[in-house]
Protein chains: 2
Amino acid sequence: MPQKVFFSVSMSLDGFIAPESPDELMGQQWMELQRWVFRQRFFRKNLKLGEGGEEGRDNEIVRQTFERTGASVLGKRMFDAGEGAWPEDPPFHTPVFVVTHEERAPWERQGGTIFHFVNDGIESALERAREAAGARDVRIAGGGETIVQYLNAGLIDEFHVALSPVLFGSGVRLFEGVDASRVALALVRAEPSPETTHLSYTVHPR
Amino acid sequence: MPQKVFFSVSMSLDGFIAPESPDELMGQQWMELQRWVFRQRFFRKNLKLGEGGEEGRDNEIVRQTFERTGASVLGKRMFDAGEGAWPEDPPFHTPVFVVTHEERAPWERQGGTIFHFVNDGIESALERAREAAGARDVRIAGGGETIVQYLNAGLIDEFHVALSPVLFGSGVRLFEGVDASRVALALVRAEPSPETTHLSYTVHPR
């Protein structure tokens, strides 16, 4: 299969993927958005949250998303939020390309994660991620603003949304600023799960 | 079963249920949002769009939504948009209560639809709709602003969203202004269909 560029996020029914600020807990809502994934064995192990966890279809989806990913691209804001939060062995275990104006030497972490800081735009970051990913796919890991930049540039092939049964009312919208006159979608698969709904789409130019 | 208050809408993946203004066509997007329903035999017949159409599970969902409804509640804006567009035999075939400041005598149409204009608020309109519906349910038929008023007042029991594979980018958001600190959801059913995804939720206070 040819290499794909994709993203995969959990979204509230009203379209949000995160609270307004990284340190805002949003009470119950944030947990309700993420609850399905925090219960999965693969996710728990990969984020060093401890052993145990579910091993059903949800877990398989989390594992497959990880295994298909040969490199990730991150926006600067998401990197900043994660930098202090990820363990010394971050959950990527691959090269990660951070789109930023900041010049910084590559930052190698335990377990195979290396952050590269790219200063010349989203196309360049993607090009480098494509090369680094080899036969595997490239994940645009977030945040929302970065995902929309890639969507509007016609650079996303497909994506997965885990639609969780919660309303945020405010926060970071996944599709804020999307150019709907250029982006068409096709539904590939909708898969019910007890605590979320897995939706897969391919992206096409209009 | 006790009488339920519900709504049922088609929503884009980025949370919109209509274009900005009723006469705006939004090109292809509006059709992509509604395409699944315009193909259903029951919908076509009920809106006098002609014979024919599909008779599968999607058609059954449209028919069941109609048959459970003993009365509808409409916001003034949606009534205004529909007044000139509905046929002489509008698709409700039940009493419809329009929440409005305008004083107006009941307007009886062909086929059992009677519009009643309610001037003393959403609770009053719902109370009258509940009575008129008898053993059947009350549908809050829209638009988005009216649905959110009922959601925030804790007056919705359950709802159905047909999530269509399209991005709008702008328009009327279904959940604009929802008070997420008071409204919790539980996922009842997610049902894939070729051109939309049927999602059913119950609503609970936080």
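Conventions adopted
Residues numbered from 1 in each chain as written. Chains lettered and ligands numbered in written order. Predicted model: local features only at pLDDT ≥ 70, side-chain atom pairs only at ≥ 80, totals over all residues. Heavy atoms only, no water. Helix = DSSP H or I, 4+ residues; strand = E, 2+ residues; numbered from the N terminus. Rg over C-alpha atoms; globule rule 2.2 N^0.38 Å. Buried < 20%, exposed > 50% of the residue type's maximum accessible area, 1.4 Å probe, protein only. Contact = heavy atoms within 4.5 Å. Areas by Shrake-Rupley, 256 points an atom, 1.4 Å probe, with all protein chains shown as cover. Lys, Arg positive; Asp, Glu negative; His and termini not counted. Charge placed at Lys NZ, Arg CZ, Asp CG, Glu CD. Phe/Tyr/Trp six-rings, centres within 6.5 Å; stacked < 30°, edge-to-face > 60°. Lys NZ or Arg CZ within 6 Å of the ring centre and 35° of its normal. Expected span 1.5 Å × (residues − 1). Salt bridge = Lys/Arg side-chain N within 4 Å of Asp/Glu carboxyl O. Buried area = accessible area lost by both parts, 1.4 Å probe. Polar contact = N/O pair within 3.5 Å; in protein donor to acceptor, adjacent residues only side chain to side chain. Arc of directions from axis to C-beta. Pairing = 2+ DSSP bridges. Least-squares fit on C-alpha atoms with pLDDT ≥ 70 in both. Axes fitted to C-alpha atoms, helices over the stretch in contact; angles between N-to-C directions. Right-handed = clockwise from strand over helix to strand, strands pointing away.

Caption draft 1: Local environment of the overall build of chain A. Regarding its fold elements, chain A presents six helices and eleven strands. Its C-alpha radius of gyration of 16 Å places chain A within 12% of the 17 Å reference for a compact globule of 206 residues. Across its three principal directions, the C-alpha atoms of chain A cover 45 × 40 × 35 Å. The proportion of buried residues among the 206 residues of chain A is 51%. Taking the contacts inside chain A whose residues are at least 6 apart along the sequence as the reference set, 62% of them involve residues at least 24 apart. A total of about 9,400 Å² of accessible surface is found on chain A, and carbon and sulfur atoms cover 50% of it. Side-chain charges in chain A split into 22 positive and 30 negative, and the spacing between the mean points of these groups amounts to 4 Å.

Caption draft 2: Molecular detail of the packing of aromatic side chains. Scanning the model with the defined rule gives 28 aromatic pairs over all chains in all. Ring centres of Phe 38 of chain A and Phe 43 of chain A lie 5.0 Å apart, and the angle between their planes is 70°; on these two criteria the pair is classed as edge-to-face. In this structure, Arg 104 of chain B is placed above the aromatic ring of Trp 107 of chain B, and the distance from its NZ or CZ to the ring centre is 5.1 Å.

Caption draft 3: Summary view of helix H5 (residues 122-133) of chain A. Residues and elements named next belong to chain A. Along its twelve residues, H5 runs 16 Å from first to last C-alpha, staying within 8% of the 16 Å computed at 1.5 Å per residue. Those residues of H5 hidden inside the fold are in contact with strand E1 (5-12), strand E3 (69-75), strand E4 (95-99), strand E6 (114-118), strand E7 (137-142) and helix H6 (144-152). Directly after H5, the chain includes Gly 134, whose backbone phi takes a positive value near 60°.

Caption draft 4: Here's a closer look at the pattern of salt bridges. Applying the stated criterion to the full structure yields 32 salt bridges over all chains. In this structure, Arg 57 of chain B and Glu 191 of chain B form a salt bridge, with 2.5 Å as the shortest nitrogen-oxygen distance. A residue pair is termed long-range when its members are at least 10 positions apart, and Arg 57 of chain B in helix H3 (residues 57-68) and Glu 191 of chain B in strand E10 (residues 183-192) qualify at 134 residues. Several salt bridges converge on common partners, so that one network encompasses Arg 57, Glu 60, Arg 189 and Glu 191 of chain A.

Caption draft 5: Summary view of the interface of chain A and chain B. Each side of the interface is counted separately: chain A has 32 residues, and chain B has 32 residues. Buried surface at the junction of chain A and chain B, both sides included, amounts to about 2,500 Å², of which 66% is carbon and sulfur. Viewed at the interface, chain B and chain A are joined by two salt bridges. For Arg 206 of chain B, the salt bridge is made with Glu 32 of chain A, and the minimal N-O distance between the two is 2.9 Å. Between the two partners, chain A and chain B, sit four residue pairs in polar contact (both at pLDDT 80 or more). Breaking the side of chain A that touches chain B down by element, the ones donating at least two residues are helix H1 (28-38), strand E8 (158-164), strand E10 (183-192) and strand E11 (197-205) of chain A.

Caption draft 6: Up close: helix H1 (residues 28-38) of chain B. Residue and element names in this part refer to chain B. Along H1, the residues classified as buried are Gln 29, Glu 32, Leu 33, Gln 34, Trp 36 and Val 37. When H1 is viewed along its axis, its buried side chains cluster within an angular range of 165° and face the same direction. Lining the buried residues of H1 we find strand E1 (5-12), strand E2 (16-18), helix H2 (41-46), H3, strand E8 (158-164) and strand E11 (197-205).

Caption draft 7: Fine view of the pairing of E8 of chain B. All names here are of chain B. Burial analysis of E8 places seven of its seven residues in the buried class, which makes it a mostly covered element. Going residue by residue along E8, you find Glu 158, His 160, Ala 162 and Ser 164 tucked away on one face and Phe 159, Val 161 and Leu 163 tucked away on the opposite face as well. Across seven bridges, the pairing between E1 and E8 is parallel. Each bridged residue has a counterpart across the sheet, and for Met 11 the counterpart in E8 is Leu 163.

Caption draft 8: Main features of the relation of the copies chain A and chain B. Rotating chain A by 180° and translating it 0.0 Å along the rotation axis places it on chain B, where the RMSD comes to 0.0 Å. Taken together, the rotation angle and the small translation identify this as a two-fold axis. The C-alpha atom lying nearest the rotation axis in chain A is that of Gly 15 of chain A; the distance is 3.1 Å. Taken together, the interface assignments show that 100% of the residues at the interface of chain A recur at the interface of chain B, consistent with an identical surface on both copies.

Caption draft 9: Local environment of the sheet that holds strand E5 (residues 107-108) of chain B. Residues and elements named next belong to chain B. Read from one edge of the open sheet, nine strands run E5-E6-E4-E3-E7-E1-E8-E11-E10, paired in mixed fashion. Among the strands making up the open sheet, the edge pair consists of E5 and E10. Of the strand pairs in this sheet, strand E3 (residues 69-75) and strand E7 (residues 137-142) are connected by five bridges, and their pairing is parallel. Residue pairing across strands places Leu 74 opposite Gly 142, the latter belonging to E7. Of the strands in this sheet, E3, strand E4 (95-99), E5, strand E6 (114-118) and E7 touch helix H4 (residues 76-83), which is tilted by about 100° from E3.

Caption draft 10: Representation of the sheet that holds E1 of chain A within the structure. Residues and elements named next belong to chain A. The sheet built from nine strands is open, its strands ordered E5-E6-E4-E3-E7-E1-E8-E11-E10 with mixed pairing. Of all the strands in the sheet, the pair left with one neighbour each is strand E5 (107-108) and E10. This element, helix H4 (residues 76-83), spans E3, E4, E5, E6 and E7 of the sheet and lies at about 100° to E3. Taken strand by strand, H6 contacts E1, E3, E4, E7, E10 and E11, and its axis lies near 130° from that of E7.

Caption draft 11: Examining the pairing of E3 of chain A more closely. Residues and elements named next belong to chain A. Of all seven residues in E3, seven are buried, a share of seventy percent or more. Relative to E4, E3 is paired through four bridges, and the arrangement is parallel. Across the sheet, the residue bridging to Gly 75 is Val 99, located in E4. Running through H4, the crossover from E3 to the neighbouring parallel element E4 is right-handed.

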